[in-house]
Amino acid sequence: RQCPHFVQLKLITPSLHMKYLFPGLIALVVLAGVTLTVTPYVADMVVSDSKSNTLRTANPQEVRQALASWFETSLDTVTQAQGLNQVTSQSKTAWFKFSVKREPIEHFIRQNHLQQQDLTAERLNTLFDANHPPATWWNPASLGRQTCFTGLDEGRQIGLIYNAELEQGFLIVRTQQKTPNF
């Protein structure tokens, strides 16, 4: 018979459930972390492959508004505007054909720090005709220019060919997509 004043201390021995509970929880947390980390990259690969080379014809009114904004001129000075936009997993490219007076173009060139370059066959081919859009209106060589303007602005590669006598131009804007680093 034991005295009721003494408390019996029992050593708690870990049961089989307790022995595997914490390692199981750790494995579950690690698995959840890996899944949450990898899911956006896998989803991006799946979604971007299905949207690869999506080519969209822009509404001419929206093209006029965008060009008027870029050139910092009134909407009614931009005419005959056409545009295409292509999104791939590596880049976004927009092609524009337009008519506008010389002054807004000069301002655009200065504002974006575009450099005048000789329009060689190689430059025409690599900058303006690479990933050539399937549009009959895209023909920058038709302006008969010997020079073009190129530059980088906020990660965008810009190419411009403009004929001041005809008041017509072709503009290409390409942005490289950032690839995720693991």
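In this text the structure is predicted, and so the values were computed from the model without any measurement.

Q: Hey, could you go over the side chain of Ser-99 for me, with residue numbers and the actual values?
A: Along the polypeptide, Ser-99 turns up in strand S3 (residues 91-99). What makes Ser-99 buried here is its relative accessible area of 8%. Excluding anything up to four places from it in sequence, Ser-99 contacts Thr-77, Val-78, Thr-79, Gln-80, Glu-167 and Gln-168.

Q: With reference to specific residues and values, describe the sheet that holds strand S2 (residues 79-87).
A: Across the sheet, seven strands lie side by side as S1-S2-S3-S7-S6-S5-S4; this open sheet has antiparallel pairing. A strand with exactly one partner marks an edge of an open sheet, and here the two such strands are strand S1 (54-57) and strand S4 (115-118). This sheet shows a mean twist of 20° between the axes of neighbouring strands, independent of strand direction. As defined by bridge partners, strand S6 (residues 156-163) adjoins strand S7 (residues 168-176) across eight bridges and the pair is classed as antiparallel.

Q: An account of the nonpolar core is requested, with residue identities and associated values reported.
A: Leu-67, Phe-98, Ile-105, Leu-160 and Leu-171 are the most contacted members of the largest nonpolar core, which totals 21 residues. Looking at this core, the elements with two or more residues in it are helix H2 (60-71), S3, helix H3 (102-111), S6 and S7. The element contributing the most residues to this core is H2, with four residues. When residues no more than four places from it in sequence are discounted, the contact partners of Ile-105 are Phe-71, Phe-98, Val-100, Leu-160 and Tyr-162. One finds Trp-137, Cys-148, Phe-170 and Ile-172 within the second-largest nonpolar core, a separate group that totals 14 residues.

Q: So what about the confidence of the model for the protein? Which residues, and what values?
A: Taken as a whole, the protein shows an average pLDDT of 79; of its residues, 76% reach a score of 70 or greater. Per-element confidence in the protein ranges from a low mean pLDDT of 68 for helix H1 (residues 16-50) to a high of 92 for H3.

Q: Give a description of the packing of aromatic side chains that names residues and reports values.
A: Evaluated as defined, the whole model comprises five aromatic pairs. Relative to Phe-98, the ring of Phe-71 has its centre 5.1 Å away and its plane inclined at 55°; by these criteria the two rings are tilted. Residue Phe-71 is found in helix H2, and its partner Phe-98 is found in strand S3; the two are separated by 27 residues along the sequence. Judged by relative accessible area, which is 0%, Phe-71 ranks as buried. Both rings, one in Trp-138 and one in Phe-170, keep their centres 5.3 Å apart while their planes meet at 90°; by these two values the pair is edge-to-face. Remark: Phe-170 occurs in strand S7 and Trp-138 occurs in the loop between helix H4 (121-128) and strand S5 (147-153); sequence separation between them is 32 residues. Joined through ring pairs, the aromatic side chains of Phe-71, Phe-98 and Phe-108 make up one cluster.

Calculation rules
- Residues numbered from 1 in each chain as written.
- Predicted model: local features only at pLDDT ≥ 70, side-chain atom pairs only at ≥ 80, totals over all residues.
- Heavy atoms only, no water.
- Helix = DSSP H or I, 4+ residues; strand = E, 2+ residues; numbered from the N terminus.
- Buried < 20%, exposed > 50% of the residue type's maximum accessible area, 1.4 Å probe, protein only.
- Contact = heavy atoms within 4.5 Å.
- Pairing = 2+ DSSP bridges.
- Axes fitted to C-alpha atoms, helices over the stretch in contact; angles between N-to-C directions.
- Core = buried A, V, L, I, M, F, W, Y, C linked by side-chain atoms within 4.5 Å.
- pLDDT = per-residue confidence, 0-100.
- Phe/Tyr/Trp six-rings, centres within 6.5 Å; stacked < 30°, edge-to-face > 60°.

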